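Examination of the molecular architecture
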Amino acid sequence: MNIRNTITLLFLTLALNSFSQNKGKALLNEVSQKVKSYQNISIDFKYVLENTAEKIKQETRGDVILQGDKYKLNILGITRLFDGKKLYSISPEDEEVTISSQNEDSEDNITPSKMLSFYEEGYTYALDIEQNVQGRKIQYVKLTPIDSNSEINYILLGVDAQTKHIYTLIQIGKNGTKTTLTVNSFKTNEPLSKTLFNFDATKYKDYYINKLD
């Protein structure tokens, strides 16, 4: 291959990569706009954590209600309630409530408050495979952290091409751990109680209250 063909191939590769990144970013912009148009979102999901080397595989189901920064998450028998300022982790099995300030900026993990918006910054984007899931076209976008010190290797975000809702999130850690969140149901603008995200201490009089800060 002469130098002219090499240069042509190089520019073609760069152009295709740029096209893939722009298309991936454009799709996620549509997802973001759709999410921000809703007053609230209720999601029922399946969560799987796997690490083949450590012979770990955990599967569970959960549900979360999101309204702005506030959320109520039920998973593994624990309710996590975030009222916008404080995070309340309620464990009926241990009869304990842990209260803390939640600083999501210091976390590498994808927390409920940013589950549907984490991708807006800090990643490079590229279109990945397209799958047909029970008649639904799911387009995957590969997200690679810009920060080389991130514990995340990459993320595959599967988007329903018709609804522009997130269908699945696959996170691959540098330690070999794979976490997969698959959305079973996605409901929007549901009628919610005004006190849904408020912690009512009177309901937990017999619980041990553990204040971390």
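Let me sum up the structure you'll find in this document.

Scoring rules and cut-offs
Residues numbered from 1 in each chain as written. Predicted model: local features only at pLDDT ≥ 70, side-chain atom pairs only at ≥ 80, totals over all residues. Heavy atoms only, no water. Helix = DSSP H or I, 4+ residues; strand = E, 2+ residues; numbered from the N terminus. Buried < 20%, exposed > 50% of the residue type's maximum accessible area, 1.4 Å probe, protein only. Core = buried A, V, L, I, M, F, W, Y, C linked by side-chain atoms within 4.5 Å. Contact = heavy atoms within 4.5 Å. Pairing = 2+ DSSP bridges. Patch = residues over 30% accessible without salt bridge, like charges linked within 9 Å, V, L, I, M, F, W, Y side chains within 5 Å. Areas by Shrake-Rupley, 256 points an atom, 1.4 Å probe, with all protein chains shown as cover. Salt bridge = Lys/Arg side-chain N within 4 Å of Asp/Glu carboxyl O. Lys, Arg positive; Asp, Glu negative; His and termini not counted. Charge placed at Lys NZ, Arg CZ, Asp CG, Glu CD. Phe/Tyr/Trp six-rings, centres within 6.5 Å; stacked < 30°, edge-to-face > 60°. Lys NZ or Arg CZ within 6 Å of the ring centre and 35° of its normal.

**Topic: the overall build of the protein**
The number of helices and strands found in the protein is one helix and twelve strands. The helix and strand sequence of the protein, counted from the amino end, reads α-β-β-β-β-β-β-β-β-β-β-β-β. A burial count over the protein gives 39% of its 213 residues as buried.

**Considering the nonpolar core**
Ile43, Leu116 and Leu143 are the most contacted members of the largest nonpolar core, which totals 32 residues. When sequence neighbours within four positions are dropped, the list of residues in contact with isoleucine 43 reads Gly62, Asp63, Val64, Leu66, Met115, Leu116, Val183, Ser185 and Phe186. Ile65, Tyr88, Val97 and Phe197 belong to the second largest nonpolar core, which has ten residues in total.

**Quick word on the pairing of strand β11 (residues 178–188)**
Direction of pairing for strand β1 (residues 41–51) relative to β11: antiparallel, over a ladder of ten bridges. What sits directly across from aspartate 44, in β11, is serine 185. Pairing between strand β10 (residues 166–173) and β11: five bridges, direction antiparallel. Residue isoleucine 172 lies in a different strand from β11, and its bridge partner there is lysine 178. The hairpin turn running from β10 into β11, its antiparallel successor, is four residues long, and glycine 176 in that turn takes a positive phi close to 90°.

**Description of a negative patch on the surface**
Side chains of Glu93, Asp94, Glu95 and Asp206 sit close together on the surface and give a patch of like negative charge. With respect to the helices and strands, the residue aspartate 94 is situated in the loop between β5 (86–91) and β6 (96–101).

**Looking at the packing of aromatic side chains**
Considering all chains together, one arrives at six aromatic pairs under this definition. Where phenylalanine 118 meets tyrosine 123, the ring centres are 5.9 Å apart and the plane angle is 85°; that geometry is what we call edge-to-face. Given a relative accessible area of 9%, phenylalanine 118 falls into the buried group. A ring pair is formed by tyrosine 204 and tyrosine 207, whose centres lie 5.1 Å apart and whose planes are at 70°; its orientation type is edge-to-face. Assigned by exposure class, tyrosine 204 and tyrosine 207 land together as buried. Members of the aromatic cluster, joined through ring pairs, are Tyr88, Phe199, Tyr204 and Tyr207. Geometry around tyrosine 154 places lysine 142 over its ring, the cationic atom sitting 4.5 Å from the centre.

**Some details on the side chain of threonine 98**
Along the polypeptide, threonine 98 turns up in strand β6. Taking the relative accessible area as the measure of exposure, threonine 98 reaches 18% and is therefore buried. When sequence neighbours within four positions are dropped, the list of residues in contact with threonine 98 reads Leu87, Tyr88, Ser89, Asn210 and Leu212.

**Focus on the environment of glycine 173**
Here glycine 173 lies in strand β10. A sequence separation of 21 residues divides glycine 173 from isoleucine 152, and the C-alpha atoms of the two residues are 4.4 Å apart. In this structure, glycine 173 is in contact with Glu151, Ile152 and Asn153, ignoring residues within four places of it in sequence.

**Regarding the side chain of threonine 177**
Tracing the sequence through the fold places threonine 177 in the loop between β10 and β11. Judged by its relative accessible area of 17%, threonine 177 falls in the buried class.

**What to know about the pattern of salt bridges**
Counted by the stated rule, this structure contains six salt bridges. Note that lysine 164 is salt-bridged to glutamate 30, the shortest N-O span being 3.9 Å. Of the two residues, lysine 164 sits in the loop between β9 (152–160) and β10 while glutamate 30 sits in helix α1 (residues 3–36), which places them 134 residues apart along the sequence. Judged by relative accessible area, lysine 164 falls into the buried class, the value being 17%. Residue classification places glutamate 30 among the partly exposed positions, given a relative accessible area of 39%. Between aspartate 44 and arginine 61 there is a salt bridge, with the nearest N and O atoms lying 2.9 Å from each other. Highlighted residues: aspartate 44 in strand β1 and arginine 61 in strand β2 (residues 56–67), separated in sequence by 17 residues. For aspartate 44, a relative accessible area of 23% puts it in the partly exposed group.

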